[in-house]
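As a plain string of letters, each chain reads:
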Amino acid sequence: MVGGQILSVMNLMWVIAVPLLAALATPLVGRVLGRAIGWWAVAASLVAAGLLVSLSGSVHSGNPPVWSVEWPAPDWGMRLALYADGWGWGFGLVVAGIGTLICIYAQHYLSDAEPRARFFMYLLLFESAMLGVVLSANLVGLVIFWELTSATSFLLIGFWHTQERARYGAYKALLITGLGGLALVAGVVLIYLAMGTTDIRELTARAGEVQAHPWFVPILVLVLLGVFTKSAQFPFHFWLPDAMTAPTPVSAFLHSATMVKAGVFLLGRIHPIFRGREEWFWIVSSVGMATMLLGAYGALRKTDLKALLAYSTISQLGLITLLYGFGTQLAALAATFHIFNHAAFKAGLFLTVGIVDHETGTRDKRVLKGLAKLMPITAVLCGVCALASAGVPLLNGFLSKELFYEEMVAHTGRGWWWWWWPAMAVGGSVLTFVYSLELFHGVFFGKLDPHLETDHGQSRGHGQPHDPGWGMLAPVAILAAICLKVGIWPGGIERYILDPAVAAVWGQPVDFTIKLWHGFTAPLILSILTAITGLVIYWQRHRLADVQTRLAWPFGANTIYDAALKGLVNGTGKLTDALQNGRLRSYLWLALAPVVVVLTLILGREGWSRIWPAQFSPLAPAEAVLLGLLIVATLAVVAVNQQRLTAVIVLGAVGALVSVFYLVLSAPDLALTQLLIEAITIILFLLVLWQLPKSVPALSTRGERFRDALLAVGFGVVMCLVVLAVAAANVPKPVADFYEAASLPRGGGRNIVNVILIDFRGFDTLGEITVLGIAALGALALMKLRRRKEDRR
Amino acid sequence: MSAHLPILPILWPLATALVLLLVLRRSVAAQRAFSLVSLLGLVAIEVALLLWLSGGEIAVYRLGNWEAPFGILLMADRLSAIMLLLASITAVATLLFAFGDLDERRERMHFYPLFQFLLLGLNGAFLTGDIFNLFVWYEVTLIATYALLTLGSEARQLRAGLPFLALNLTGSTLFLAAAGLIYGATGTLNMAHLSVLTAAADGASAVVVQVATVLLLVVFCFKAALFPLYFWLPDGYPAPPAAISAFFGGVATKVGVYSMMRVFPLVFPEQRALVGEGLMALGAVSMLVGVWGAVCQTEIRRLLSFHIVSQIGYLAFALGLLTEAGVAAAIFYMIHYTLVKCGLFLVAGVMERMTGQNSVKKIGGLMESAPALAALFFVAGLSLAGLPPWSGFFAKIVVVVAGFQQERYLYTGIAVLTGLFTLFSMMKIWHLSFWGEPAGERRPVPRVMYGAVALLVACSVIFAAVFQPVHAFARQTAAQLLAPDNYVRAVLWEGR
Amino acid sequence: MELLMAIAIGTLFGAGLYLCLRRRTLQVVLGFALLGHAVNLLILNMGGIRHGQPPLVNPAAAGYADPLVQALILTAIVIGFGVTAFLLVLAYRAYQETGSDEVNSPRDKHP
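Residues numbered from 1 in each chain as written. Chains lettered and ligands numbered in written order. Predicted model: local features only at pLDDT ≥ 70, side-chain atom pairs only at ≥ 80, totals over all residues.

Asker: I would appreciate a short explanation of the overall build of chain C in the present structure.
Answerer: Across its full length, chain C holds 3 helices and 0 strands. Going residue by residue from the N terminus, the α and β elements of chain C occur as α-α-α. In terms of overall dimensions, chain C has C-alpha extents of about 70 × 25 × 25 Å along its principal axes. Burial status across chain C gives 72% buried among its 111 residues. (Helix = DSSP H or I, 4+ residues; strand = E, 2+ residues; numbered from the N terminus. Buried ≥ 20, exposed ≤ 12 C-beta atoms within 10 Å, placed from the backbone.)

Written out as structure tokens, the structure is:
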């Protein structure tokens, strides 16, 4: 038993590792397998699914296996931990299962010209990340896998990267889900700081504490931002339709069982921690409701079948979100059930649309009609999935829709205005009914467009459209079969997947049975109402289209997104051009003006008296003259700065005065050095000046010069005050005293300055000489390396 | 031997540079080989130093054996060891890249000795325990930077060189003034001694200490390229060849950050509030202004240069918290981003070499012709943007944790949001240059250049894998830095 | 004495900065030369003002001018010279190659 437990724990790890390793090996394996590489991916997905099935025993016994690794930061309680409770396990099974079908389909769907190995590598990487999301037992691990799904789906959506639309769609998906990912990271950090753990099971056990924490609302909002962006909830829904630029198998995978479902998966994951709070209900349910209606309404406006499916996905996700917001047992059941049902029928529908596209070369619903004649099997399969989506009895969609209605109606006792919820639910479902019929009846019945009957050259199939080979049909058939099976005999699947999943989402085991017939109840009446209204609207759909055209809203989320990106690039461009304008003057202003202000504040804060020296040393007349001359000469350099030769000569005078001053202030070494260096510097100046224009007009305006002078004066005054403050401080200098005392006995020199330079602080001198050496090397390189003559022309 | 270990990272590159200049000047091949071998030797020395100091010892090396605070001394601790090793590892990658990237004119014009001199300056700055000596090593670093920046004398290099020099020279002037003021206000230059004296300063000398603190903050922000003192960087860094700008981008600005970590907690223990608030505010603005600058660029290395400002903003913010968690976050972030940023610059170098273009708009479809480069960029780019499972994600997490811990919601929020802009600009490169129809030429790229990139990207992956031990070490380093008493004891009382 | 000295130092700082804010290379170099003098005098001032007490060991001396600041200034003068010389060469070469003696950077206009 213990051995079996360990084995199953390792299996948990392999569920993620197998697709991951398979993905990493794909480039190599691809060289061997060639175009058969798809089967490698099929095998990997199948193994992952099989491993999950092998875990079913422990999942059903309520004793979920846990695997954890001491990474990334066990000291912080941040572990990469995996566990297979009912929710994660069931979801993982759907991911791996549908993943397998998608790989089979894609193997037949992709043309030979496409880089197959790369495609399946991306797909397996994504699948591995998604399995990681659903199996994570720790929010840190979940976030890591979560972001990986964003990154890998970016590659998948942009697979046909030479198309501008594909790049646009991928970029958009990454930015929007990336935004949510960041919010989620921030939320998880707050959870960690608030609770000291990121372990989901522990958090579930301490749900009360989480809800009572003062950070509860920020945490909720941040985590929900992650959920809503990922699951394309209003107002972040707009990335999803653009993600349809991906190859169809990718869309089928991303938008039925994975990517967007990661959001609602997380909603189910945190459901037992957050449910019950008013904020949870209002935010989650309102957003869900808005998304459901908006998606369904939007689906009807689309002529591209994939776009239609995209909006229908948005709508269905809205429905699920809405349900989770209610936070009741029934709602949790309905939402969880619907997630599984939606995965099956939506994957089927995407794959069907892929077949139609593959065979006819178009996805325009205005052109596609009467295809049942040409592709009867596809028509039947599409019918099953579409009717399941519409919520027709004997199919899985009906059952979850009934539960949905039941939950909506259950709250009407609280007051008449609570009828709002069932009313909107019916509204959304009617629209769903209509677009599902469009997908099935619209495409496969009616008069066949004669263009479609012949090969029109656009088709990627050969000749007349026909049912594709088994490789593309079988995955759809399996999905359709599941829709039927669940719709008619829900029992088996209920016990196998749904029971444990709902128990996990609710937080404790839930007692229920899903029945096809449970009497002539309110939900059934609403279902009938939905079907009748839906049929009427479908019949009159051209009128609906007219209404929609009239109501067309020119200002969508996409417009805002595009404008925001454009504004970002333009606005930052302007800002950057203004700041990084290439002018030294502007750079120095921005750098030094704040310094002058801050220093003035510091000096002035405690009154000027504090920095004023108590007494000054006497001023000899000669020194006064010397300093006066120095000031005059300095100002003269400024005054004549445009007559450059004169300016350089006056600068020499300043240097000479400084040297004399050093001599007066008991620094003979300094005076000598200064004089020497000054002489060389002036010679260098003159050499350079010889090459430059002698006298030049000022490049700055009078106003600029005035402002510069203001800053310069401010800087000068501040430095002047600082010097006075040091004089006021007049601290003892024990280090200097030491040098004076130790110079002769320990340093062996009478010239204390020299002893400091070569002994006490000889290390400075080493650096100083190095600077000179490097300057010489650099100057040499500057002089020697020139553009070659031929370049210059 | 181990007693002399702290001075070796300074003597080693100095000796190497002299050998390159005096003995091997005629043969480029010999210069290459000797530089690389010497650098690997340096790495080995620094690994030994790191192992020695990882226990928490503060090694004090008294030059000329003069007792503190009278002589200059070197002070090596965990942080110095980390910085030294980080600089050398980056240098190894850069050097390898330079073998393939640099033209022979530059190699002959003393690139290799200049590179060693730059390392010498950096290592000196990482080790010294004396504030004026720090200035000297800054100058060695800067003059080597100037020489490398303009090496080759292309018009763009020369034009970029002037403001670059002028601004850094302003910084140097302020540094010198600050060092002078510190001496005037306290009578010492030894950092540990200062720790005692600045805390005790009162009256006018307390005011001067504050002025010096502000000036040093400005100087280090200049060097680290924080708003509004970063303008020299985006104009200057893209000008020289990629190998040189990669090393600048990876390491050169870090000496400013290092100095902040070293000087503020130790030398000005009483000025925490002033320094902390200043760093956090400047950091927050830098994060945004830097990344906004990157968002609108099309020239790859210029885009990356603006990112430096933004990343330094992260560092300054985390450091400004002045808590153990904050400083540790800054250290971890610095390790991560030095390697990744250098790697990205090198990727840009490969792209330029391959296509002959430096604008993302003129390059396209590299994914098909250079899938390995695409993979390296994808990893490094997402790592810089803070996406898992690479080092950038953990670096971001530790910063955010530290920020929220101190309830700095606004600044932490800015840090989080900056990640989105970073992602935007990184994927802009991806979307325009790696995806799309092929554009630009396709020239062969020496293998060694790929190897250099791979080395750095691998480091990013490894640092994610060993996040906990590295972060724990960063945490110990932070704890050490924030306890100035240990330095005072080691320098002034022990070994007398 | 200290007051006039401080004013002189302040003037040097102010004048140096003003010249650095000009747009031609030579003015900027002149500015840095003045700033160099300013900061050296500032450091000298840190040691206090002494007349006729050069730091040469002499048993008869009543005291010495602070030798440390003088050593620092010597180091600073030499380093400053190295940098100034490099800057001058760069200014000259930049003028040769670009035909302009303005201090400005190449700019990458965003699209």
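Asker: What is the right way to read the overall build of chain A from this model?
Answerer: Broken down by element type, chain A carries 34 helices and 2 strands. On C-alpha atoms alone, chain A measures out to a radius of gyration of 38 Å, which is more than a quarter above the 28 Å that the 2.2 N^0.38 rule sets for 793 residues. Dimensions of chain A, computed from C-alpha atoms along their principal axes, come out at roughly 115 × 65 × 60 Å. Burial status across chain A gives 54% buried among its 793 residues. (Rg over C-alpha atoms; globule rule 2.2 N^0.38 Å.)

Asker: Just to check I follow, could you spell out the packing of helix α15 (residues 305-326) of chain A against helix α19 (residues 420-444) of chain A for this structure?
Answerer: How two helices pack is summed up by the angle between their axes together with the distance between the axes. All names here are of chain A. Following both chains from N to C, one finds α15 and α19 inclined at 155°, their axes separated by 11 Å at the closest point. Taken together, the axes of α15 and α19 are roughly antiparallel relative to one another. In terms of crossing hand, the pair formed by α15 and α19 is left-handed. Taking contact as the criterion, the partners of Leu 305, Leu 308, Ser 312, Ser 315 and Leu 319 in α15 are, on α19, Gly 428, Thr 432, Tyr 435 and Leu 439. Residue composition of the contact of α15 with α19, grouped by class: 5 nonpolar, 4 polar and no charged. (Axes fitted to C-alpha atoms, helices over the stretch in contact; angles between N-to-C directions. Parallel < 35°, antiparallel > 145°, perpendicular 65-115°, else oblique. Left-handed = near helix turned anticlockwise from the far one by under 90°. Contact = placed C-beta atoms within 7 Å. Nonpolar A, V, L, I, M, F, W, Y, C, P; charged D, E, K, R; others polar.)

Asker: Teacher, can you tell me more about the environment of Leu 21 of chain C here?
Answerer: Following the sequence through the fold, Leu 21 of chain C ends up in the loop between α1 (2-20) and α2 (25-46). In this structure, the C-alpha to C-alpha distance between Leu 21 of chain C and Gly 31 of chain C, residues 10 residues apart in sequence, is 8.4 Å. Every residue in contact with Leu 21 of chain C, bar those within four places of it in the chain, is listed here: Arg 585, Leu 588 and Asp 708 of chain A.

Asker: Honestly, the interface of chain B and chain C in this entry has me stumped. Any pointers?
Answerer: Where interface size is quoted, it is often the accessible area lost as the parts come together. Facing 30 residues of chain B, the contacting portion of chain C comprises 31 residues. Breaking the side of chain B that touches chain C down by element, the ones donating at least two residues are α6 (131-150) and α7 (155-186) of chain B. Grouping the constituent residues of the side of chain B that touches chain C by class yields 16 nonpolar, 8 polar and 6 charged.

Asker: How should the interface of chain C and chain A be read in this particular structure?
Answerer: Across the boundary between the two partners, chain C contributes 79 residues, which contact 86 residues of chain A. Residue assignment for the side of chain C that touches chain A shows that the elements contributing at least two residues are α1, α2 and α3 (67-98) of chain C. Considering every element that reaches the side of chain C that touches chain A, the biggest residue donor is α3 of chain C, with 24 residues. Grouping the constituent residues of the side of chain C that touches chain A by class yields 51 nonpolar, 17 polar and 11 charged.

Asker: Teacher, can you tell me more about the packing of helix α30 (residues 702-729) of chain A against α1 of chain C here?
Answerer: Remark: α30 of chain A packs on α1 of chain C, axes separated minimally by 7 Å, with the N-to-C direction vectors making an angle of 150°. α30 of chain A and α1 of chain C meet at a crossing whose hand is right-handed. Grouping the constituent residues of the contact of α30 of chain A with α1 of chain C by class yields 18 nonpolar, 4 polar and 2 charged.

Asker: Explain unusual backbone geometry here, please?
Answerer: Excluding glycine, a negative phi dihedral is what most residues carry, and trans is how most peptide bonds are arranged. Omega for the bond connecting Phe 234 of chain A with Pro 235 of chain A falls within 30 degrees of zero, at 0°, which places this linkage in the cis form. Its location among the elements puts Pro 235 of chain A in the loop between α10 (216-230) and α11 (239-242). The omega torsion across Pro 388 of chain B and Pro 389 of chain B is 0°, close enough to zero to call that bond cis. You can see Pro 389 of chain B is positioned in the loop between α17 (371-384) and α18 (391-405). Look at His 110 of chain B: it is not a glycine, yet its phi comes out positive at around 70°. Structurally, His 110 of chain B is set in the loop between α4 (104-108) and α5 (111-127). Even without being glycine, Ser 153 of chain B reaches a positive phi, approximately 55°. Mapping Ser 153 of chain B onto the fold places it in the loop between α6 and α7.

Asker: I keep staring at the pairing of strand β1 (residues 66-73) of chain A and nothing clicks. Help me out?
Answerer: Across a regular strand the side chains alternate sides, sitting on one face of the sheet and then on the other. Residue and element names in this part refer to chain A. Judged from the 6 bridges that link them, β1 and strand β2 (residues 78-83) form a sheet pairing that is antiparallel. Residue pairing in the sheet places Pro 72 in a bridge with Arg 79 of β2. Hairpin geometry of β1 and β2 is characterised by an intervening segment of 4 residues between the two adjacent antiparallel strands and by a positive phi of about 75° at Gly 77. (Pairing = 2+ DSSP bridges.)

Asker: Before we go on, may I ask you to explain the pairing of strand β2 (residues 73-76) of chain B in this structure?
Answerer: Residues and elements named next belong to chain B. Residues of β2 alternate between two faces, with Leu 73 and Met 75 on one and Leu 74 and Ala 76 on the opposite face, all of them buried. Of the strand pairs in this sheet, strand β1 (residues 59-62) and β2 are connected by 4 bridges, and their pairing is antiparallel. Counterpart to Arg 62 in the pairing with β2 is Leu 73.

Asker: Even after reading the chapter, I still don't get the domain arrangement of chain A, so can you show me in this structure?
Answerer: Taken domain by domain, chain A holds domain 1 (354-567), domain 2 (583-731) and domain 3 (736-793). Once you take the C-alpha centre of each, domain 2 of chain A and domain 3 of chain A turn out to be 24 Å apart. (Domains from an automatic or database assignment.)

Asker: Sorry, what's going on with the confidence of the model for chain A here?
Answerer: In low-pLDDT regions, the fine details of the predicted coordinates are not to be read closely. Across chain A, pLDDT averages 90, with 96% of residues at or above 70. Across residues 789-793 of chain A, where pLDDT falls below 50, the model places 1 contact with residues more than four positions away in sequence or in other chains. (pLDDT = per-residue confidence, 0-100.)

Asker: Can you walk me through α3 of chain C in this structure?
Answerer: Residues spaced three or four apart along an α-helix face the same direction, because each turn holds 3.6 residues. Residue and element names in this part refer to chain C. Compared with an ideal rise of 1.5 Å per residue, which puts 32 residues at 46 Å, α3 spans 46 Å between its outermost C-alpha atoms and is within 8% of the ideal. For α3, the buried fraction is high: 28 of the 32 residues fall into the buried class. Backbone geometry just downstream of α3 places Gly 99 in the positive-phi region, at approximately 70°. (Expected span 1.5 Å × (residues − 1).)

Asker: Even after reading the chapter, I still don't get the confidence of the model for chain C, so can you show me in this structure?
Answerer: Per-residue confidence for chain C gives a mean pLDDT of 88; residues scoring 70 or more make up 94%. This prediction of the complex comes with two scores: 0.95 for pTM and 0.95 for ipTM.

Asker: How do you make sense of helix α6 (residues 139-157) of chain A when you look at a structure like this?
Answerer: For α6 of chain A, built from 19 residues, the straight-helix expectation of 27 Å at 1.5 Å per residue is met to within 8% by its first-to-last C-alpha distance of 26 Å. Of all 19 residues making up α6 of chain A, 19 are buried, and the element is well covered by its neighbours.

Asker: Please explain the environment of Gly 365 of chain B as it appears in this structure.
Answerer: For Gly 365 of chain B, the location among the structural elements is in the loop between α15 (324-355) and α16 (366-369). The contacts of Gly 365 of chain B, once residues within four sequence positions are left out, are Gly 436, Glu 437, Pro 438 and Ala 439 of chain B.

Asker: Help me understand the environment of Leu 635 of chain A in this model?
Answerer: You can see Leu 635 of chain A is positioned in helix α27 (residues 621-639). Distance in space between the C-alpha atoms of Leu 635 of chain A and Glu 114 of chain A is 74 Å, their sequence separation being 521 residues. With residues up to four places along the chain from it excluded, the contact list for Leu 635 of chain A reads Thr 11 and Ala 15 of chain C.

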